[in-house]
Amino acid sequence: MARKAVTKAKATKTGPATKAAKPVLSKGKPVLSKGKTGIVKPVYVLNGPNLNLLGLREPEIYGSTSLSDIEKLVANHAKTQGVNVLCLQSNHEGDLVTWIQEARTMASGLIINPAAYSHTSIAIHDALAMLDIPTVEVHISNVHKREEFRHYSYVSSVVSGVICGLGVKGYTLALDAIIADLTK
Ligand code: DQA
């Protein structure tokens, strides 16, 4: 139920991403707050393929928290910090590229868990390379303790920082890092 409202709210806010966002399974909305930090534009929180199934997907690796719960955690944390967030998820590389491009003008910072695209996507690398805002790559699991194909990320060289292996807490830590950067 909440998701429907969320979808509508976002559709009026985000311009170009709106069309790409339609088939997306889990979405967020900007959380409006008083803005004690003075950060007006939202921090984009992008999640890539299969993360819509968090909670059900390999819980021994990713835990039992759903994506919608993670988005609520981040949104609530953002609210206490006086910033807005816009949470988006897609299983499609092009959607993520479009949202990253949109973030160039619409976002004050960007958190991204590109999921499997971390290890394959030059398109996401190239889109992130054009950003001039603080960006944090998040992985819930410690990819370096896992299969070798997860050890390389095309994304890490074009973001401000990387958080991996700290579970879903990584998302709020990433937000804190972005706020600290924007307010320093
Ligand atoms: C992940 C790690 C990736 O290797 C994997 O493909 C994911 C999730 C993580 O959050 O730990 O889908 O990004």
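As shown above, the structure is provided for reference.
Residues numbered from 1 in each chain as written. Predicted model: local features only at pLDDT ≥ 70, side-chain atom pairs only at ≥ 80, totals over all residues.

Caption draft 1: Representation of the overall build of the protein chain. Looking only at helices and strands, the protein chain has seven helices and five strands in total. Along the protein chain, helices (α) and strands (β) appear in the sequence α-α-β-α-α-β-α-β-α-β-β-α when read from the amino end. A burial count over the protein chain gives 40% of its 184 residues as buried. Here the contacts in the protein chain between residues at least 6 apart in sequence split such that 77% fall between residues at least 24 apart. (Helix = DSSP H or I, 4+ residues; strand = E, 2+ residues; numbered from the N terminus. Buried ≥ 20, exposed ≤ 12 C-beta atoms within 10 Å, placed from the backbone. Contact = placed C-beta atoms within 7 Å.)

Caption draft 2: Main features of the site of the ligand. The ligand sits among Asn 50, Asn 113, Ala 115, Ala 116, Ser 118, His 139, Ile 140, Ser 141, Val 143 and Arg 150. Here the shell around the ligand is built from residues that sort into four nonpolar, five polar and one charged. (Near = placed C-beta within 6 Å. Nonpolar A, V, L, I, M, F, W, Y, C, P; charged D, E, K, R; others polar.)

Caption draft 3: Representation of helix α7 (residues 169–182). The end-to-end C-alpha distance of α7 is 20 Å, a good match for the 20 Å that 14 residues give at a rise of 1.5 Å each. For α7, the secondary structure elements touched by its buried residues are β1 (43–47), α4 (67–81), β3 (109–113), β4 (135–139) and β5 (161–164). (Expected span 1.5 Å × (residues − 1).)

Caption draft 4: Main features of the packing of α4 against α7. Put simply, α4 and α7 touch, their axes get as near as 9 Å, and they point 30° apart. The pairing of α4 with α7 is recorded here as roughly parallel in orientation. Here α4 runs over α7; the crossing is right-handed. Counting all contacts with α4, which are made through Ile 70, Leu 73, Val 74, His 77, Ala 78 and Gln 81, the residues of α7 involved are Tyr 171, Thr 172, Leu 175 and Ile 179. Split into classes, the residues belonging to the contact of α4 with α7 amount to seven nonpolar, three polar and no charged. (Axes fitted to C-alpha atoms, helices over the stretch in contact; angles between N-to-C directions. Parallel < 35°, antiparallel > 145°, perpendicular 65-115°, else oblique. Left-handed = near helix turned anticlockwise from the far one by under 90°.)

Caption draft 5: Seen up close, the nonpolar core. Formed by 39 residues in total, the largest nonpolar core has its most connected members in Val 43, Tyr 44, Val 45 and Ile 111. When residues of this core are traced back to their parent elements, those giving at least two are β1, α4, β2 (85–89), α5 (93–106), β3, α6 (122–129), β4 and α7. (Core = buried A, V, L, I, M, F, W, Y, C linked by C-beta atoms within 7 Å.)

Caption draft 6: Representation of the pairing of β4. Of all five residues in β4, five are buried; the element is thus mostly enclosed. Of the two faces of β4, the one holding Thr 135, Glu 137 and His 139 and the one holding Val 136 and Val 138 are both buried throughout. When β3 meets β4, the two strands line up parallel, connected through three bridges. Each bridged residue has a counterpart across the sheet, and for Leu 110 the counterpart in β4 is Thr 135. Handedness of the β-α-β unit built from β3, α6 and β4 comes out right-handed. As defined by bridge partners, β4 adjoins β5 across four bridges and the pair is classed as parallel. When the sheet's bridge partners are listed, Val 136 is paired in β5 with Gly 161. (Pairing = 2+ DSSP bridges. Right-handed = clockwise from strand over helix to strand, strands pointing away.)

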